[in-house]
Every structure is written in C-alpha cells, then in structure tokens.
Amino acid sequence: MKNPENKLIRLWKKYPPSEVSSNDEHMDLEKLDQTLLHFFCPGPSFFGIFDFSKLDFDYVHEDVKKVLGLSSKKAKLSDQYRLILPSELEFIQACEEYAGKFLFQLYPAQLRKQYKVNYAYRSRTTDGDIKLIFHQAITISIDENNHIAKTLVVNSDVTHLFQELPKTLSLVGLGNLPSYFNIEVMAGREPDQIISSKNPLTRRQTQVLRLLAEGYTDREIAGMLYLAEDTIRTHRNAIRAKLGSKNTTMAVAMAIRNGWI
C-alpha cells in the first residue's frame, strides 16, 4: 500500500486543522514534563509532538530508536506508519476517527486537554521484529480558533507483557472528568452514545499500580509518594484483592487491558 498514512491524514482533515505552525508557538517545557506524568510507560517508550498545522510530527524523541529502530530524524508520520502491520490500519483509523469526533464535541474546548486517548496495535521494527505498541495521546495546545494545535504522543513497547490486547479504545478523563473504557470502535456506536465507566481502583491505588508496573520497588514508590513502605504494601494487597488477582503482574495486566492505567 502506497503512503498508507494518507487515509489517516484525510480523516484528520475532516476536522478544522490548526492554523498555528510549530514556528509560531513555543512549548512550555515545564508544562510538558507535568503532562508526561499522566502517561503510563510499562516498557521501552518514546514520545513525540504531533503538529496539526503540518499533519506530521514536529519532534520525536531519540528513544524511538530503542522501540522501532528508527532514528529520531527519520521518524515522521510516514516512517512510523509504514512499519504498522497492514491488518492493524483499519482499527487505528477507526480509533482516530472516534477520538476525533469525541474531542471535537467537547465544550468548552479546553476540556480537550483533559482527555487521554489509549489503544494498542502491532508494528514491525526496522529489523522486522513484531512489537505490540501501547499508544497514548493527549492534546497539549489549542489555537485561537479552538482547534487542536498539538498533541503529545507516547508509544510504549508492551510485547513483554502481552501477546495481544483487545481491539478497543479508551478515553481517559483526567481529574474528575468521566472516563470511557474498552470502546469497541468497530461496532458503529457514536461518541454521544457511549456511557462512562469507572476504574474500580482508587486514585491512589491506580497511582501505586502504575508505578509498580513501571518497575519501581515498594521502597522507591514510598519515597516518591511520601508514604510509609508498609502503606505501599497495604495498597498492593488491596489492589490484588479488589481485582481478584493472584499477583501484581496479573493486576497490571488486567488494568492495562481495561485501560485503567
């Protein structure tokens, strides 16, 4: 398939593109660091900034080499998209169309910065290996016409955790906004027909589980959250009990599958 990303670009053009070019806007690096805290990275990961005025990546971190084998200078949309398995393209396009409709319907427009889009797909590396990629994206800037200007994208290799993940989309509300997990985007339901669902874990339990999944020890997490190590162990036990998991690995797997972290 020649230039398979063209269909995705045509899809994005259904919504008013941003008129803000990357040269006209300076990113606040401190705010960028704060936004990255909302992302869950359970394996080798890289992030990029997607610019809707160009419909391409404005920046891709050098860690893309560790995940896909691409150099950061040769990791534009077309380069990354070319590696995705053809069988995954229809699902990805359905996720992007669904998320686009959802975000475009949000009012006020600033709420678009409060939703994280999650889904997973399979991609090849430049060496020909097949990896399962956990994709997360969040709006980081909106132009003066309330169009999405830039999104922050984080892609993680979760092949070591799963052979496959459900073909579903999650729209995760930050703060107290409702979340929508496990949306079957191929089922034909419109965004205004979905019903919000809840993560059964408390906010603190979710935070602890995310850090456990990223490989931190109880002691390290205790230091990061300014809690006693015994408190972290209590949270760990409560998480396993609430999810009916025999161990933390099973709890992490369940949480990722359901889009809770």
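Our subject in this report is the structure included herewith. (Residues numbered from 1 in each chain as written. Predicted model: local features only at pLDDT ≥ 70, side-chain atom pairs only at ≥ 80, totals over all residues. Heavy atoms only, no water.)

A few points about the nonpolar core
Here is step 1: Counting residues in hydrophobic clusters, the biggest one holds 43 residues, and the most contacted among them are Trp-12, Leu-169 and Leu-171.
Here is step 2: For this core, the element with the most residues is helix H5 (residues 89-105), which contributes 9 residues.
Here is step 3: Counting residues in hydrophobic clusters, the runner-up holds 28 residues, among them Phe-162, Ala-253, Trp-260 and Ile-261. (Core = buried A, V, L, I, M, F, W, Y, C linked by side-chain atoms within 4.5 Å. Buried < 20%, exposed > 50% of the residue type's maximum accessible area, 1.4 Å probe, protein only. Helix = DSSP H or I, 4+ residues; strand = E, 2+ residues; numbered from the N terminus.)

What about the pairing of strand E4 (residues 130-142)?
Here is step 1: Most of E4 sits out of view: 12 of its 13 residues are buried.
Here is step 2: In sequence, strand E3 (residues 115-124) turns back onto E4 through a hairpin of 5 residues, with Gly-128 there showing a positive phi of about 95°.
Here is step 3: In this structure, E4 lies alongside strand E5 (residues 148-157), joined through 9 bridges in antiparallel fashion. Note that in E5 the partner of Ser-141 across the bridge is Lys-150.
Here is step 4: Counted between consecutive antiparallel strands, the loop separating E4 from E5 contains 5 residues, among which Asn-146 sits at a positive phi close to 65°. (Pairing = 2+ DSSP bridges.)

Considering the packing of aromatic side chains
Here is step 1: The tally for this structure, following the rule as stated, stands at 7 aromatic pairs.
Here is step 2: Centroid distance Phe-47 to Tyr-59: 5.8 Å. Interplanar angle 45°. Geometry classified as tilted. With Phe-47 in strand E1 (residues 45-51) and Tyr-59 in strand E2 (residues 56-60), the pair connects residues that are 12 residues apart, well separated along the chain.
Here is step 3: Note on Phe-47: relative accessible area 18%, which makes it buried.
Here is step 4: Residue Tyr-59 is classed as partly exposed on the basis of its relative accessible area of 37%.
Here is step 5: Taking 5.3 Å as the distance between ring centres and 90° as the angle between the ring planes, the aromatic pair formed by Phe-50 and Phe-57 counts as edge-to-face. Summarising the burial analysis for this pair, Phe-50 and Phe-57 share the class buried.
Here is step 6: Among the aromatic residues, those joined into a cluster by ring pairs are Phe-50, Phe-52 and Phe-57. (Phe/Tyr/Trp six-rings, centres within 6.5 Å; stacked < 30°, edge-to-face > 60°.)

A closer look at the sheet that holds E5
Here is step 1: The strand order E2-E1-E5-E4-E3-E6-E7 describes an open sheet built from 7 strands, whose pairing is antiparallel. In the strand order of this sheet, the two ends are held by E2 and strand E7 (180-183), each with one partner. Between one strand and the next, the sheet's axes are offset by a mean angle of 25°, whatever the strand orientation.
Here is step 2: In this fold H5 packs onto E3, E4, E5, strand E6 (169-173) and E7, with an angle of close to 170° to the strand it touches most, E3. (Axes fitted to C-alpha atoms, helices over the stretch in contact; angles between N-to-C directions. Contact = heavy atoms within 4.5 Å.)

Comments concerning the side chain of Ser-170
Here is step 1: Inspection of the secondary structure puts Ser-170 in strand E6.
Here is step 2: Once you skip the residues sitting within four places of it in the chain, Ser-170 turns out to touch Lys-116, Val-117, Asn-118, Tyr-180, Phe-181, Asn-182, Asn-258 and Gly-259.

So, the packing of helix H8 (residues 229-243) against helix H9 (residues 248-257)
Here is step 1: Between H8 and H9, the least distance of the axes is 10 Å, while the angle of their chain directions is 60°. Considering their axes alone, H8 and H9 lie oblique with respect to each other. Note that H8 runs across H9; the crossing there is left-handed. For the pair formed by H8 and H9, the contact residues are Arg-236, Ile-239, Arg-240 and Leu-243 on the first element and Thr-248, Ala-251 and Met-254 on the second.
Here is step 2: The residue makeup of the contact of H8 with H9, split by class, is 4 nonpolar, 1 polar and 2 charged. (Parallel < 35°, antiparallel > 145°, perpendicular 65-115°, else oblique. Left-handed = near helix turned anticlockwise from the far one by under 90°. Nonpolar A, V, L, I, M, F, W, Y, C, P; charged D, E, K, R; others polar.)

Thoughts on helix H7 (residues 218-225)
Here is step 1: Residues of H7 that are buried include every one of Asp-218, Ile-221, Ala-222 and Leu-225, and no others. Viewed along the axis of H7, the buried residues span an arc of 105°, placing them on a single side of the element.
Here is step 2: Close packing links the buried residues of H7 with helix H6 (203-213) and H8.
Here is step 3: Of the residues flanking the end of H7, it is Tyr-226, one or two places downstream, whose phi is positive at about 60°. (Arc of directions from axis to C-beta.)

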